[in-house]
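Spelled out from the first residue to the last, the chains are:
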Amino acid sequence: MRRIFEAVFAALLINVFAVRAQEPVEMLYFEARAGLGLNLDSDGAPHMGPSIDYLNFHAAGHLSPTVSYRLRQRFTKPLYSPDYPLNGTDFLWVDWAPSYKWHFSAGKLPVLLGGFEWDTQPIDVYYWSGFCNHVAEVYALGLQSFWTPVKGQTISFQATQSPWSRGTWDCFAFNLGWLGNFAPWWKTIWSINHMDDVQGGGMQYISLGNRFETCRWALEMDLMDREAIHRKQKSFSDYSLIARLVYGADKWNVFLKGGYDYNDAGNAGTDGVSFDFNYPAGLEYIYAGGGAEFFPLGSRKLRIHFFLMTDNLHKALCLQTGLTWRFNLIDKP
């Protein structure tokens, strides 16, 4: 199945090149991130090796003044099932924008779960929170609407396959989000979510992502509370807290990032199965680290990075230095 999908995708890519003079392709590029990592275990034993973390293909354009499309294929993302070959496809949607205040999308979409870590492109994240580390599918097939009643405030409703479904039927997510811009220095991504899971249960989330900006500084703070539907569970007995501080100067970014994920051991049934399908009961994860990014060309076409981090589970110091580069095939202004 995977070979068939890759052959079909290659044929589509060739077709895009063949008709790009006639079709309104506005953006077509590859991007990749590679690194050399060093892990120092708690006993001091070093482990070193190279990695290709991401290889992505992007395409975007307009079919008409009000209809656009978007594709991102991630070649480095493994299939979790031969019956779901779209796992490596992050974006695959068509968007209709009949007016400034409304637009509608259909296809494979990023699941609307509030928070700036969740919203950031994966190639730009060097290490993740415990919650995000457990997610099988950040992108899912579905429908989405956006309403912008006033400039800077957008309400979105989304119905998709559940990110915990692994592509199975009868397992959905319903997400209501508020993308706010309350001041030049304060941006928000807030959401209320209902998530089905393959065990036949469900979770409700309240996610509050906030970004504060001033001069060269930015502080992102994400808070998520997760509660099982129709189960006895205390508020904030299953939650995540993430903080990221960034300082940007000319061609440099320097950042610190850390967080805390916790799910009380009591949030499980008598059979020992966790209410939270994604983040197991009894798990506590504390992590912290930092790093720097350098853009030698003054643009995102080339980035050099370095970071280090540690956590309470692996009890190892992880370091990596690497490159991210972007090769444009078509990039219309």
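Just so we're clear, the structure is a prediction, and the values are computed from it rather than from any experiment.

Asks: Tell me about the side chain of S68, residues and numbers included.
Replies: Along the chain, the position of S68 falls in strand β3 (residues 67-74). Accessibility expressed as a relative area gives 17% for S68, which makes it buried. When sequence neighbours within four positions are dropped, the list of residues in contact with S68 reads G61, H62, L63, W93, V94 and D95.

Asks: Go over the packing of aromatic side chains with me, naming the residues and quoting the values.
Replies: Taken as a whole, this structure holds 29 aromatic pairs when the rule is applied. Relative to W147, the ring of W102 lies with its centre 5.9 Å away and its plane at 20°, an arrangement referred to as stacked. One end of the pair, W102, is in strand β5 (residues 102-110); the other, W147, is in strand β6 (residues 139-150), with 45 residues separating them in the sequence. The class of W102 is partly exposed, set by a relative accessible area of 36%. Residues W185 and W186 carry aromatic rings whose centres are separated by 6.1 Å and whose planes lie at 15° to one another, so their mutual orientation is stacked.

Asks: Quick rundown of a nonpolar patch on the surface? Include the residues and the values.
Replies: Nonpolar side chains collect at one region of the surface, where F157, F172, F174, L176, I192, I206 and L208 lie side by side and expose about 630 Å² of accessible area between them. Secondary-structure elements contributing two or more residues to the nonpolar patch are β8 (172-183) and β10 (202-214). Considering each element in turn, the nonpolar patch owes the most residues, 3 residues, to β8. Here I206 lies in strand β10.

Asks: Kindly report on the layout of surface pockets, identifying the contributing residues and their values.
Replies: Approximately 610 Å³ is the volume found for the largest pocket. Lining the largest pocket we find 28 residues, and of these P110, D119, Q144, F146 and L179 sit closest to its centre. Looking at the lining of the largest pocket, the elements that each hand over two or more residues are β4 (89-96), β5, α2 (116-119), β6 and β7 (153-161). If one sorts the elements of the lining of the largest pocket by residue count, β5 sits on top with 5 residues.

Asks: Quick rundown of the nonpolar core? Include the residues and the values.
Replies: In this structure, L113, W118, F131, W164, M195 and Y205 are the most contacted members of the largest nonpolar core, which totals 19 residues. Where this core is concerned, the elements lending two or more residues are α3 (130-133), β10 and β11 (217-228). Not counting residues up to four positions away in its chain, the partners in contact with Y205 are L113, F131, W164, S191, I192, N193, M195, M224, D225, R226 and D276. Ranked by size, the runner-up nonpolar core spans 11 residues in total, among them Y126, F255, L283 and M309.

Asks: Describe unusual backbone geometry, and please don't skip the residues or the numbers.
Replies: A positive phi angle is found at F236, which is not glycine, with a value near 55°. Mapped onto the fold, F236 is located in the loop between β11 and β12 (238-249). At D250, a residue that is not glycine, the phi angle is positive and equals roughly 55°. The topology assignment puts D250 in the loop between β12 and β13 (252-263).

Asks: An account of the side chain of N267 is requested, with residue identities and associated values reported.
Replies: Along the polypeptide, N267 turns up in the loop between β13 and β14 (284-294). Residue class for N267 comes out buried when judged on its relative accessible area of 5%. Sequence-distant contacts of N267, defined by excluding residues within four places in its chain, comprise Q233, S237, D238, S274, F275 and A281.

Asks: Report on empty space enclosed by the protein, specifying residues and quantitative values.
Replies: Tallied over the entire structure, the rule returns 2 cavities of 30 Å³ or more. The volume enclosed by the largest cavity comes to roughly 120 Å³. Secondary-structure elements contributing two or more residues to the lining of the largest cavity are α2, α3, β10, β11 and β12. What the second largest cavity holds in volume is close to 40 Å³. Lining the second largest cavity are E31, Y54, N56, R72, R74, D90, Q121, P122 and I123. Taken together, the elements giving at least two residues each to the lining of the second largest cavity come down to β2 (46-62) and β3.

Asks: Explain the confidence of the model for the protein chain residue by residue, including any values.
Replies: Taken as a whole, the protein chain shows an average pLDDT of 89; of its residues, 91% reach a score of 70 or greater. Taken element by element, the predicted model of the protein chain shows its lowest mean pLDDT in helix α1 (residues 2-19) (47) and its highest in β14 (98). Here residues 1-14 scores under 50 on pLDDT; set against residues more than four positions off or in separate chains, the count is 13 contacts. pLDDT under 50 marks residues 16-21. Its contacts with residues more than four places away, or in other chains, come to 5 contacts.

Asks: I'd love a proper account of the pattern of salt bridges, names of residues and values included.
Replies: This structure, assessed with the given rule, holds 15 salt bridges. A salt bridge links K108 to E137; the nearest nitrogen and oxygen atoms lie 3.6 Å apart. Of this pair, K108 sits in strand β5 while E137 sits in the loop between α3 and β6, and the two are 29 residues apart along the sequence. For the pair K108 and E137, one class covers both residues: buried. In this structure, E213 and R211 form a salt bridge, with 2.5 Å as the shortest nitrogen-oxygen distance.

Cut-offs applied
Residues numbered from 1 in each chain as written. Predicted model: local features only at pLDDT ≥ 70, side-chain atom pairs only at ≥ 80, totals over all residues. Heavy atoms only, no water. Helix = DSSP H or I, 4+ residues; strand = E, 2+ residues; numbered from the N terminus. Buried < 20%, exposed > 50% of the residue type's maximum accessible area, 1.4 Å probe, protein only. Contact = heavy atoms within 4.5 Å. Phe/Tyr/Trp six-rings, centres within 6.5 Å; stacked < 30°, edge-to-face > 60°. Patch = residues over 30% accessible without salt bridge, like charges linked within 9 Å, V, L, I, M, F, W, Y side chains within 5 Å. Areas by Shrake-Rupley, 256 points an atom, 1.4 Å probe, with all protein chains shown as cover. Salt bridge = Lys/Arg side-chain N within 4 Å of Asp/Glu carboxyl O. 1 Å grid on protein atoms, 1.4 Å probe; cavity = no way out; pocket = protein on both sides within 12 Å on 5 of 7 lines; lining within 4 Å. Points joined across faces, edges and corners; volume = space filled by probe spheres on them. Core = buried A, V, L, I, M, F, W, Y, C linked by side-chain atoms within 4.5 Å. pLDDT = per-residue confidence, 0-100.

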